[in-house]
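# Reading the structure
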Amino acid sequence: MNESAPVVEISNLHKTFHTGFFRKRVDAVRGVSFTVGRGEIFGLLGPNGAGKTTTLKVMMGLIKPSSGNVRIFGLDGRKPSARAKVGFLPENPYFHEYLDPRELLDFYGDLCGMKKKDIRERRDRLIELVGLKDAASRPLRKFSKGMLQRVGLAQAMISEPELLVLDEPMGGLDPIGRKFVVDLLADLNEKGTTILFSSHILSDVERLCKRVVILNKGVNVAQGSLDDLVGGESRDETLESLFVRKALETPHPGLPLK
């Protein structure tokens, strides 16, 4: 592993789908590029349909890119070894509802190749960390949306990953649930975990991130540090106004890019 390399490096990524009976072309991602440095919390922003989830799925090897490159810890992102130290939470995770949190984490720890003793020790700490100690024996079908999100975070952390990739981790949560997740991510980052997460909840992004990339219609429309993007200390522009302005300026996928 190249310690000096960015933790994540996405270069000129394209992904095209062909959907429906007539195989209509959909350009979901069009030349997206960004890097995530070691030890930072990086925000992948954009409205619904911007290409955030597609970008993360390509990065995690769930779908193949049409073109472009992904490198994780300096390794070719197409190789499973590149993701050996990555924890992932998809936007809409599905868990077998008859399992309880302990059983779920046992399953994912085993998938990660962990020893049973290590799984048990790590599992119990994580259940307490995400605030589910009192529900550790309850089947997941009885969990609320916020509780499922917490157990999803626990499964992403079961193998003690150096990089967490989270797709809309605060989506659908109430204010208390969002605060819990924001505080948890900040604490993990303080302990050295690099975090890449997608979101359209801009207040949470401003609390957690120093650098972001904004996507719309599959295109990078802005990226850099928050201070640079919104005018530094003078705050000539809010992140929300920048977000909206860049979205309105983005050309339609059928038009040539400027």
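Above this text is the structure in question.
Residues numbered from 1 in each chain as written. Predicted model: local features only at pLDDT ≥ 70, side-chain atom pairs only at ≥ 80, totals over all residues. Heavy atoms only, no water.

### Some thoughts on the sheet that holds strand E6 (residues 86-89)
Either a parallel or an antiparallel arrangement is found when strands of a sheet pair, and the pairing is made through backbone hydrogen bonds. Quick reminder of the rule: The pairing criterion is simple: DSSP has to find at least two bridges between the two strands. For the purposes of this entry, the term helix denotes a DSSP run of H or I that reaches at least four residues, the term strand denotes a run of E that reaches at least two, and both are numbered from the N terminus. Simply put, an axis is a line fit to the C-alpha atoms, just over the touching stretch for a helix, and the angle between two N-to-C directions goes from 0 to 180 degrees. By definition, residues are in contact when any of their heavy atoms lie within 4.5 Å.
Spatial ordering of the open sheet is given by E6-E7-E8-E3-E9-E10, a layout of six strands whose pairing is mixed. Looking at strand neighbours, the two that pair on one side only are E6 and strand E10 (219-225), the edges of this open sheet. Averaged over all pairs of adjacent strands, the angle between strand axes in this sheet comes to 15°, irrespective of strand direction. The pairing of strand E3 (residues 41-45) with strand E8 (residues 194-199) spans five bridges and is parallel. Bridge assignment links Ile41 to a residue of E8, and that residue is Ile195. Along the sheet face, helix H5 (residues 175-190) touches E3, strand E7 (163-167) and E8 and points at about 155° away from the line of E8.

### With respect to the pairing of strand E9 (residues 211-216)
Heads up, the rule is: Relative accessibility thresholds used throughout: buried, under 20% of the residue-type maximum; exposed, over 50%; partly exposed, between the two (1.4 Å probe, protein chains only).
Among the six residues that make up E9, five are buried, leaving the element largely enclosed by the rest of the structure. Sheet topology note: the E3/E9 ladder contains four bridges and is parallel. Its bridge partner lying in E9, Leu44 is registered against Val213.

### Observations concerning the nonpolar core
Rule in force here: Side-chain atoms within 4.5 Å are what join buried Ala, Val, Leu, Ile, Met, Phe, Trp, Tyr and Cys residues into a set we call a nonpolar core.
Ranked by size, the top nonpolar core spans 49 residues in total, and within it Met157, Leu166, Ile195, Phe197, Leu208 and Leu239 carry the most contacts. Among the elements that take part in this core, helix H4 (residues 145-157) stands out by supplying six residues, more than any other. Ignoring anything within four residues of it in the chain, the contact list for Phe197 reads Ile41, Phe42, Gly43, Leu44, Leu166, Pro169, Met170, Val205, Leu208 and Cys209. Of all hydrophobic cores here, the second largest spans 27 residues; its members include Leu13, Ala82, Val86 and Val165.

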